[in-house]
Amino acid sequence: MICKITRFYGILARVLILVLVLAASLPFPAPAVLAQDGRELLQEIEEHIKNYYLYPVEEEHFPLKSLEGLRRVLKDPYSGYLSEEQYRLFEGTLSRFLYGVGIYLEMRDSSITVVNVVPDSPARRAGIESGDLLIAVDGSPVTHLPLEEVVALIQGEEGKKVTLTLRRRETLLTVTLVREKIRLPAVDYTWAGDGIALVHIYNFGEGAAGDMELIMEELEREGLRGLIFDLRANQGGYLNEALEMASLFSDGTLLLVRDRDTSWQAIHAWEKGGGSYQSGGLYPAVVLIDGGTASAAEIFSAALKDNWKALLVGEASFGKGTMQSVLPLEHGGYLKLTVAEFASPGGNTIEGSGVEPHFLVPSGKEQLQTALLLLRYKLEQGPAENIFEEAGLTRAQELEGLSRVPLEIGGERYLPLRAVLLLTGRTIQPGAEPGIYIFFWENRLYRLDIQREILTWSREGGKSSAFQKVAINGGVTYVPQSFLEKELGLSF
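This text gives an overview of the structure that appears in the document. (Residues numbered from 1 in each chain as written. Predicted model: local features only at pLDDT ≥ 70, side-chain atom pairs only at ≥ 80, totals over all residues. Heavy atoms only, no water.)

### Observations regarding the overall build of the chain
Looking only at helices and strands, one finds 14 helices and 30 strands in the chain. When contacts within the chain are restricted to residue pairs at least 6 apart in sequence, long-range pairs at least 24 apart make up 66% of them. Entry remark: accessible area of the chain is about 21,800 Å², with carbon and sulfur atoms responsible for 49%. (Helix = DSSP H or I, 4+ residues; strand = E, 2+ residues; numbered from the N terminus. Contact = heavy atoms within 4.5 Å. Areas by Shrake-Rupley, 256 points an atom, 1.4 Å probe, with all protein chains shown as cover.)

Here's what the structure looks like:
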């Protein structure tokens with residue numbers, strides 16, 4: 001299988017690259033399956049690990065004695081051996097068609113949770129909702145089974161019935177559905193009013209970027225003014241699709257990537273995309289993310305964020321910053337191997353940390369409300385104090401001066417720092433010394449010195465520092481709007 005991204009290097013130029021969380025942990029096959037060309041298979045796997053695996057492996061693990069021994073060798077949950085059956089199931093997670101009922105499942109806190117429901121599917125027509133917990137399939141409990149086995153139980157022959165038992169809060173629901181051939185949409189949209197389109201990106205399967213282009217053409221014909229990209233519960237897909245789609249809305253660097261033998265290299269926007277729909281800020285955009293936003297979805301979100309093409313709203317994303325290749329094995333099966341890691345265009349680590357939104361909003365309903373508020377503000381260019389009031393600041397907070405009118409100093413606009421942080425879901429707290437206050441942004445520590453009227457922070461892992469003069473007026477600290485835009489990525 002050849003990757004579409006020909007500008008990559010090494011292993012990245014020769015094999016299919018996946019950035020996907022779904023079906024990350026797969027059970028190893030039973031020993032009986034291993035008898036077929038066992039020694040040759042293990043040697044082939046060992047060679048791939050030595051040549052391409054991102055993480056160093058101690059020589060004491062070689063030669064491999066069994067597939068079960070891979071558990072000790074492979075250090076991440078996304079690498080492993082796939083039998084032919086497991087590979088078909090894994091590949092099906094990125095297929096645009098399947099025979100089933102139309103639900104996306106995820107393992108959350110040991111519970112199998114419905115994270116999305118396909119429009120016009122048996123599940124949608126039966127009233128299954130995101131957040132429902134799957135308890136049983138055809139009367140048999142599934143809470144103890146791996147996610148892949150549960151998916152296999154639900155999928156099946158077209159026209160055959162399957163009964164699902166679900167828990168919605170304190171209520172048990174039992175629904176019998178007839179399996180259909182379902183085309184899984186990668187992208188669809190609804191209108192949210194005022195020329196704002198809510199674009200759902202469900203996955204980055206094959207053809208997703210092309211679908212987005214078609215949707216954008218349709219939206220433009222219908223009077224598009226602003227975009228909300230909903231990537232919540234999007235678990236990833238193909239790397240090239242994420243990059244091609246991001247190229248439609250951003251030029252410049254889209255991500256940084258390295259394998260075990262290279263330093264960080266920048267991957268730039270597709271020439272044919274080049275920010276086609278963002279030139280001149282034509283369509284202001286907001287991206288919704290949450291803890292289920294992973295891998296390819298994190299690449300797309302971080303690319304728009306770090307290139308100042310969109311504001312991000314929601315919760316920190318999943319935090320999967322590695323890429324996998326699926327290598328076909330001559331002696332049977334496939335090896336899914338982590339071959340590279342990636343970071344945001346600004347150099348922020350994604351693996352284990354995720355992408356941090358500009359506006360931390362935990363509630364799903366409030367996330368969309370915040371996105372709409374931000375877009376309408378940008379489209380109307382209303383006075384800054386209105387956005388603080390509409391965001392729900394209390395009278396007590398107003399008395400503290402949090403929503404005061406911005407200042408004009410030396411021809412530049414200044415906004416109240418504490419109000420901005422509160423609006424984005426953050427706080428500023430007293431430091432260890434008198435007159436010192438601190439806050440965190442993108443895992444960086446910012447230090448406000450009231451006496452010196454200066455804000456300082458570290459860059460490049462603490463190797464260099466930066467500072468910004470602030471203004472104190474009526475006991476309120478104000479910072480330049482240019483600082484909020486260039487350093488924090490906030491555009492009011």
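### Observations regarding helix H8 (residues 239–249)
Side chains of residues three or four places apart in an α-helix project in the same direction, reflecting 3.6 residues per turn. Most of H8 sits inside the fold, with eleven of its eleven residues counted as buried. Of all the residues in H8, the buried ones are Leu239, Asn240, Glu241, Ala242, Leu243, Glu244, Met245, Ala246, Ser247, Leu248 and Phe249. (Buried < 20%, exposed > 50% of the residue type's maximum accessible area, 1.4 Å probe, protein only.)

### Re the layout of surface pockets
In this model, the second largest pocket occupies a volume close to 430 Å³. Contributing to the lining of the second largest pocket are 21 residues, with Val115, Asn116, Ser130, Asp230 and Arg232 lying nearest its centre. Those elements giving two or more residues to the lining of the second largest pocket turn out to be strand S5 (111–117), strand S12 (196–201) and helix H10 (364–380). Across the lining of the second largest pocket, the residue classes tally to nine nonpolar, five polar and seven charged. (1 Å grid on protein atoms, 1.4 Å probe; cavity = no way out; pocket = protein on both sides within 12 Å on 5 of 7 lines; lining within 4 Å. Points joined across faces, edges and corners; volume = space filled by probe spheres on them. Nonpolar A, V, L, I, M, F, W, Y, C, P; charged D, E, K, R; others polar.)

### With respect to the packing of helix H7 (residues 208–221) against H8
The N-to-C vectors of H7 and H8 enclose an angle of 25 degrees; their axes lie 8 Å apart at closest approach. As judged from the angle between their axes, H7 and H8 are roughly parallel. When H7 is examined against H8, the residues Ala208, Ala209, Met212, Glu213 and Met216 are found in contact with a partner set consisting of Glu241, Glu244, Met245, Leu248 and Phe249. Across the contact of H7 with H8, the residue classes break down as seven nonpolar, no polar and three charged. (Axes fitted to C-alpha atoms, helices over the stretch in contact; angles between N-to-C directions. Parallel < 35°, antiparallel > 145°, perpendicular 65-115°, else oblique.)

### Description of the pattern of salt bridges
Within the structure shown, the criterion is met by 15 salt bridges. Measuring nitrogen to oxygen at the nearest pair gives 2.9 Å for the salt bridge that ties Arg168 to Asp132. With Arg168 in strand S8 (residues 161–168) and Asp132 in the loop between helix H5 (122–125) and strand S6 (133–137), this pair connects stretches of sequence that are 36 residues apart. With a closest N to O distance of 3.6 Å, Arg444 and Glu487 form a salt bridge. Highlighted residues: Arg444 in strand S26 (residues 444–449) and Glu487 in the segment after helix H14 (481–486), separated in sequence by 43 residues. Members of the salt-bridge network, linked through shared partners, are Asp120, Arg125 and Glu180. (Salt bridge = Lys/Arg side-chain N within 4 Å of Asp/Glu carboxyl O.)

### Quick word on the pairing of strand S20 (residues 334–343)
When you tally the buried positions in S20, you get ten out of ten residues, the bulk of the element. Bridge count for strand S2 (residues 80–82) against S20 is three bridges, and the pairing is antiparallel. When the bridges of S20 are listed, Leu82 appears paired with Tyr334. Strand direction decides the pairing type here: strand S15 (residues 253–258) and S20, joined by three bridges, are antiparallel. Residue pairing for S20: Leu256 is matched across the bridge by Ala343. As defined by bridge partners, strand S19 (residues 322–328) adjoins S20 across seven bridges and the pair is classed as antiparallel. Looking across to S20, one finds that Ser325 is bridged to Leu337. Joining the antiparallel neighbours S19 and S20 is a turn of five residues, in which Gly332 adopts a positive phi near 110 degrees. (Pairing = 2+ DSSP bridges.)

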